[in-house]
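So the chains spell out like this:
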Amino acid sequence: MARSRPVLLTAALSAAAVVGYLAYRGLAHDADAPAGDTEAAAPLAVDKLPEFSLANLDGAQQSIQSWPGKPLLINFWATWCGPCLREIPMLKELQASRSDLQVVGIAIDKPDLVAKFAGEQQFNYAILVGQNEAWTAAAALGVNIFALPFTVFTAGDGSILGVHTGELHAEHLAAFQGVTDALEAGRIDVAEARRRIADAI
């Protein structure tokens, strides 16, 4: 019996790796396709920003549709998530430099912990808070993996451009800004914006 344990463990790990990879591929929408690939990005699970509301830091319900006409970077995070916390200074810099874009942080966490943390961080972007209802919001956006952080990018008209799982880096924010600028200027359409986001993330 002792000899079978490594085999069973290897099989279990292999199965977990496959499931994790398939879940990642489902979210990344072929994000690792080579740059310059002219094929369209894989279809997104949701095309348009759905309506949902979550509590803001004042405890009032706030709609995700509160910023009409602005491209959104919707970042799901938690106070206990190390990679999430590393993203926050970058997101604050983005919001400070680009008032035409809106960063929305959705904390999947206990409201009291988020309120305390927000007081220390002095966020300059919108923070919404929820627990089960925040996961429901993520599902409405087409996200189907329970891991933090993850980020949804939208255009000013509410079109969902892509989803990034894992920690954001400077190149992801640069790609989002470049794509939304080109889209707003009419140099590309939504399909091309999605392809470029998929290539970048």
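Residues numbered from 1 in each chain as written. Predicted model: local features only at pLDDT ≥ 70, side-chain atom pairs only at ≥ 80, totals over all residues. Heavy atoms only, no water.

1. Quick word on the overall build of the protein chain
Then step 1. Each helix and strand in the protein chain was counted, giving six helices and seven strands.
Then step 2. For the protein chain, the α and β elements follow one another from N to C terminus as α-β-β-β-α-β-α-β-α-β-β-α-α.
Then step 3. Residue pairs at least 24 apart in sequence account for 64% of intrachain contacts in the protein chain once pairs closer than 6 positions are excluded.
Then step 4. Surface exposure of the protein chain reaches about 10,100 Å², of which carbon and sulfur atoms provide 57%. (Helix = DSSP H or I, 4+ residues; strand = E, 2+ residues; numbered from the N terminus. Contact = heavy atoms within 4.5 Å. Areas by Shrake-Rupley, 256 points an atom, 1.4 Å probe, with all protein chains shown as cover.)

2. Side note on helix H2 (residues 82–97)
Then step 1. The largest bend in H2 is about 30 degrees, located at Ile88, with the proline Pro89 one to four residues further on.
Then step 2. Turning to H2, its buried residues are Cys84, Glu87, Ile88, Met90, Leu91, Leu94 and Gln95.
Then step 3. Next to the buried residues of H2 lie strand S3 (72–77), strand S4 (102–108), helix H3 (111–121) and helix H5 (170–184). (Bend = angle between axes of the 7 residues up to and from the residue. Buried < 20%, exposed > 50% of the residue type's maximum accessible area, 1.4 Å probe, protein only.)

3. A look at the side chain of Asp109
Then step 1. Looking at the secondary structure, you find Asp109 in the loop between S4 and H3.
Then step 2. Comment: no salt bridge for buried Asp109; closest opposite-charge side chain is Lys110, at 7.1 Å.
Then step 3. Not counting the four nearest positions on each side in its chain, Asp109 is found in contact with Ala78, Thr79, Trp80, Val114, Val129, Gly130 and Gln131. (Lys, Arg positive; Asp, Glu negative; His and termini not counted. Salt bridge = Lys/Arg side-chain N within 4 Å of Asp/Glu carboxyl O.)

4. Observations regarding the state of the cysteines
Then step 1. Using the criterion set out here, one finds one disulfide in the structure.
Then step 2. Residue Cys81 pairs covalently with Cys84 via a disulfide, S to S 2.2 Å. One quick way to see it: the torsion about the S-S bond of Cys81 and Cys84 is about 80 degrees, and its sign makes the bridge right-handed. We note that Cys81, like Cys84, is buried. (Disulfide = S-S within 2.5 Å.)

5. Some remarks on the pairing of strand S7 (residues 160–165)
Then step 1. Within S7, six of the six residues are buried, leaving the element largely enclosed by the surrounding structure.
Then step 2. As paired elements, strand S6 (residues 150–154) and S7 share five bridges and run antiparallel to each other. Paired with Thr154 across the two strands is Ile160, which belongs to S7.
Then step 3. What sits between S6 and S7 in their antiparallel hairpin is a turn of five residues, with Gly158 showing a positive phi close to 90 degrees. (Pairing = 2+ DSSP bridges.)

6. A few points about the sheet that holds strand S2 (residues 61–63)
Then step 1. Reading across from one edge, S2-S1-S5-S4-S3-S6-S7 is the order of the seven strands in this open sheet, with mixed pairing throughout. Two strands close off the open sheet at either side, each with one partner strand: S2 and S7. Taking the axes of each pair of neighbouring strands and ignoring which way they run, one obtains an average angle of 30 degrees across the sheet.
Then step 2. As defined by bridge partners, S4 adjoins strand S5 (residues 126–130) across five bridges and the pair is classed as parallel. Paired with Ile106 across the bridge in S5 is Leu128.
Then step 3. Running over the sheet, H3 touches S3, S4 and S5 and is turned about 160 degrees from S5. (Axes fitted to C-alpha atoms, helices over the stretch in contact; angles between N-to-C directions.)

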